[in-house]
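As a plain string of letters, each chain reads:
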Amino acid sequence: MIHSLRLFLTHLPLLLSMLLILGCATPTSPPTAEPAQIRPKNTPLEASPLSQLDPSQFPAYNGLNQSLLLALLSAEIAGQRYAVDLALEIYLELTLATRHPALAERTTWIAQFAEQPEAALDAALIWASQATENPDAQRAAAGLLLQNEQYLDAFEFLYRFEQLGGGSNYTLLASSMIESQQPGISDLYRRLEAATPHPDTPASDYTTALALLSYEMGDLNQARVHIQATLAADPRHLRTLQLQARLLRETGELDQAQALLSRALTEQPDQITLWLELARTQLAARQYEAAEASFDQLIQQEPDHPQAYLALARIQLELGEYARAEQTLLRLVDLDPHQDQAWLLLGQLAEREDQTQQALHYYRQVGGGQTLLDASFATLRLLDTPNHTPELLRFLRLKQIQHPELALELTLIGEYRLRSEAAYQAALDWLDESAQRFPEIASRSELLYSRAMLFYFLNDLSAMEAELREILHHEPHHAQALNALGYTLVDRTDRIHEGLLLIQRAHALDSTAPEILDSLGWAMYRLGRYEEAREYLEEAYARLQDEEIALHLIHTLMALELPEEAQTLLDRLPASQPASADLEALLDQYPELRHARPASQDNPSTPPTEQERPLD
């Protein structure tokens, strides 16, 4: 059956061509003088001679029956008409029904051509299980399992392929599993160690795979054993030399690592990976000039190696060779204009030379990801006056359009700038416009929280509460929203008990956050529970030396009739000109604390962090 079906599949296109030719041929009719008779309507057609044939007259031949033949013809005709999906559907159905290796093989190739990896894998597994002595079937199954990151299953088929004399690639299997960071490395090691390689299998591939896996498991002694076995069989084995150098670096044997790589480069001076390992080792030894020379050598051999340029530039920056670093980075962006890290470093170099416009130009070239956010914060820092705000917002809007996946983060940078200028309504308008342009961020808790803070500053507490409750409706365990709403109710309304319950929920979620401890202490103060207030506020101040927390603690100390301690804490606060409104209110309430305090310049403002107190 297998032989006849495989023969049929091999010659199927020829058979189809013959069928099509026969189907299109028109028999020659004998000449007649009589005109053709037109069949009257409703006259039944004579039965076709084919319809009168008994199917039992055509028994199955070596497993090829009528239904199978019809399905195969249908699939092949679909394929010739470029209906690949239909052809694959029919072939896969036949493969699953018959589990025939010839059908499974053809289905595997059709599925791969159609870029249907799941169907390809299903067919390949049937092919390999039904044709256990076929190395191509084992290799196909192993390769597709490897692509699907099913490494332990891939090993079984890869081992069968190797046992059939097809060669091995255990190193690729081990490397792929390690890079995927999937669990099961120890299982793969045990299976591989228990295997008996084919006599023709290179020992270096087998032992290198074991070395990689044992190194990843942290068994450095066993890794050394496998490394020595590999190098004994193949002293120039590149992957094993790399692994040995890495192991020596990890154990602090930097001189030995350099000696190993220098010897290897004497024999293989064109191996880029060895130059990279040598440069990394020299960096670990803080031999920056030597590392710079290694990267120079690498670039000479491979001028189009972008990571080498970037690494070289970082070394030059470390050595203070700023002009050379700039030239290296300019060569890199000329080679690859999409090197965002290079543009960012060029901007930082220009900033160092006080070339603001040049730095801004470089930052505008940054493409996306975290590097773009770093460039945006740098632009925020350079455009540091209110008259520069429109330019900053134009930059942020352009980057939002170019990178909508960062729309939220870029929106919040603009909001921070406007809020730091006390342009609260403009900041609210900026948020609303961004939400309209990018609807996917409109319901994000970060945007809703920023809106709530702006409503707080605009003294619209009802709107603030609505935004925070919208967050809590979707994220009831949002500690920051619970704390902000609770603090506002405690500080600005008579709903103190309600606010305390919200703060306590936030504290249950995060018992160490200084802003939550401060809110809890302030709620106790407002309820007249001064001892409890002092406990929470002292813990908050120990964690974060913030003026608002200090002022809350001073209020509490004065309520406890401890003016000396209050005065001592007040004197520790850095003086600012002018004094904050909260400090002035405290001194107005307790004039005995007012006395000459050393003046100092205002602290420069910095971008907010995640833990910044929302109401500051």
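Conventions used here
Residues numbered from 1 in each chain as written. Predicted model: local features only at pLDDT ≥ 70, side-chain atom pairs only at ≥ 80, totals over all residues. Heavy atoms only, no water. Helix = DSSP H or I, 4+ residues; strand = E, 2+ residues; numbered from the N terminus. Contact = heavy atoms within 4.5 Å. Areas by Shrake-Rupley, 256 points an atom, 1.4 Å probe, with all protein chains shown as cover. Expected span 1.5 Å × (residues − 1). Buried < 20%, exposed > 50% of the residue type's maximum accessible area, 1.4 Å probe, protein only. Salt bridge = Lys/Arg side-chain N within 4 Å of Asp/Glu carboxyl O. Core = buried A, V, L, I, M, F, W, Y, C linked by side-chain atoms within 4.5 Å. Phe/Tyr/Trp six-rings, centres within 6.5 Å; stacked < 30°, edge-to-face > 60°. Lys NZ or Arg CZ within 6 Å of the ring centre and 35° of its normal. pLDDT = per-residue confidence, 0-100.

**So, the overall build of the protein**
So, step 1. Secondary structure summary: the protein contains 33 helices and 0 strands in total.
So, step 2. Nonlocal contacts in the protein, meaning residues at least 24 apart in sequence, comprise 53% of its contacts between residues at least 6 apart.
So, step 3. In the structure as shown, the protein presents an accessible area of about 33100 Å², 52% of it carried by carbon and sulfur atoms.

**Here we look at helix α26 (residues 461–474)**
So, step 1. In this model α26 runs 20 Å from its N-terminal to its C-terminal C-alpha over 14 residues, within 8% of the 20 Å that 1.5 Å per residue would give.
So, step 2. Listing the buried residues of α26 in full gives Ala463, Met464, Glu465, Glu467, Leu468, Ile471 and Leu472.
So, step 3. Of the surrounding elements, those touching the buried residues of α26 are α25 (445–457) and α27 (479–492).

**With respect to the pattern of salt bridges**
So, step 1. Under the defined criterion, the tally for this structure stands at 28 salt bridges.
So, step 2. One salt bridge connects Arg224 with Glu253, and the closest N-O pair in it is separated by 3.3 Å. One end of the pair, Arg224, is in helix α12 (residues 220–233); the other, Glu253, is in the loop between α13 (238–250) and α14 (254–267), with 29 residues separating them in the sequence.
So, step 3. Arg534 serves as the salt-bridge partner of Glu538, at 2.9 Å between the closest nitrogen and oxygen. Pair noted here: Glu538 and Arg534 are both in helix α30 (residues 530–543), with a separation of 4 residues, about one helical turn.
So, step 4. On the basis of relative accessible area, Glu538 is assigned to the partly exposed category, the value being 34%.
So, step 5. One network of salt bridges, in which partners are shared, links Glu465, Arg469, Arg495 and Glu498.

**Considerations on the nonpolar core**
The tendency in soluble globular proteins is for nonpolar side chains to be buried side by side.
So, step 1. One finds Leu173, Leu192, Leu213, Phe295, Leu329, Leu396 and Leu468 to be the most contacted residues of the largest nonpolar core, which totals 148 residues.
So, step 2. Element by element, the count of residues in this core is highest for α25, at 8 residues.
So, step 3. Leave out the neighbours within four places in its chain, and Leu213 touches Ala174, Ile178, Ile185, Leu188, Tyr189 and Leu192.
So, step 4. Within the second largest apolar cluster, 31 residues are counted, among which are Ala523, Leu537, Met558 and Ala566.

**As for the packing of aromatic side chains**
So, step 1. Evaluation of the coordinates by the stated rule reveals 9 aromatic pairs.
So, step 2. Ring plane angle 70° and centroid distance 6.4 Å describe the contact between Tyr170 and Tyr206, whose orientation is recorded as edge-to-face. Of this pair, Tyr170 sits in helix α9 (residues 170–180) while Tyr206 sits in helix α11 (residues 203–216), and the two are 36 residues apart along the sequence. For the pair Tyr170 and Tyr206, one class covers both residues: buried.
So, step 3. Pairing Trp343 with Tyr362 gives two aromatic rings, centres 5.9 Å apart and planes at 35°, and the pair type is tilted. Of the two residues, Trp343 sits in helix α19 (residues 340–352) while Tyr362 sits in helix α20 (residues 356–364), which places them 19 residues apart along the sequence.
So, step 4. We classify Trp343 as buried; its relative accessible area is 12%.
So, step 5. The class of Tyr362 is buried, set by a relative accessible area of 7%.
So, step 6. Through successive ring pairs, a cluster of aromatic residues spans Phe155, Tyr159, Tyr170 and Tyr206.
So, step 7. The cationic tip of Arg397 hangs over the ring face of Trp430; the distance from NZ or CZ to the ring centre is 4.1 Å.

**Let's talk about the environment of Glu302**
So, step 1. As for its position among the elements, Glu302 is in the loop between α16 (288–301) and α17 (306–318).
So, step 2. Sequence separation between Glu302 and Ile272 is 30 residues, and the spatial gap between their C-alpha atoms is 7.7 Å.

**Observations regarding the side chain of Glu548**
So, step 1. Here Glu548 lies in helix α31 (residues 547–559).
So, step 2. A relative accessible area of 12% means that Glu548 is categorised as buried.

**Some thoughts on helix α23 (residues 407–420)**
So, step 1. Taking 1.5 Å per residue as the helical rise, α23 with its 14 residues ought to reach 20 Å, and the 20 Å between its terminal C-alpha atoms agrees with that figure.
So, step 2. For α23, the buried fraction is high: 11 of the 14 residues fall into the buried class.
So, step 3. Taken together, the buried positions of α23 are occupied by Ala407, Leu408, Leu410, Thr411, Ile413, Gly414, Glu415, Tyr416, Arg417, Leu418 and Arg419.
So, step 4. Tucked into the core, α23 has its buried residues touching α21 (369–382), α22 (389–402), α24 (424–437) and α25.

**A word on unusual backbone geometry**
So, step 1. Of note in the backbone geometry, Tyr82 takes a positive phi value of approximately 65° without being a glycine.
So, step 2. By the secondary structure assignment, Tyr82 is in the loop between α3 (66–80) and α4 (84–98).
So, step 3. Phi at Asp354 is positive, roughly 60°, even though this residue is not glycine.
So, step 4. Among the structural elements, Asp354 can be located in the loop between α19 and α20.

**Regarding the confidence of the model for the protein**
Detailed reading of the predicted coordinates is not advisable wherever pLDDT is low.
So, step 1. This prediction gives the protein a mean pLDDT of 82; 85% of its residues lie at or above 70.
So, step 2. Confidence drops under pLDDT 50 across residues 1–53; counting only partners more than four residues distant or on other chains, this segment forms 34 contacts.
So, step 3. Here residues 599–616 is a poorly scored stretch, pLDDT under 50, and it has 38 contacts once near neighbours within four places are set aside; other chains count.

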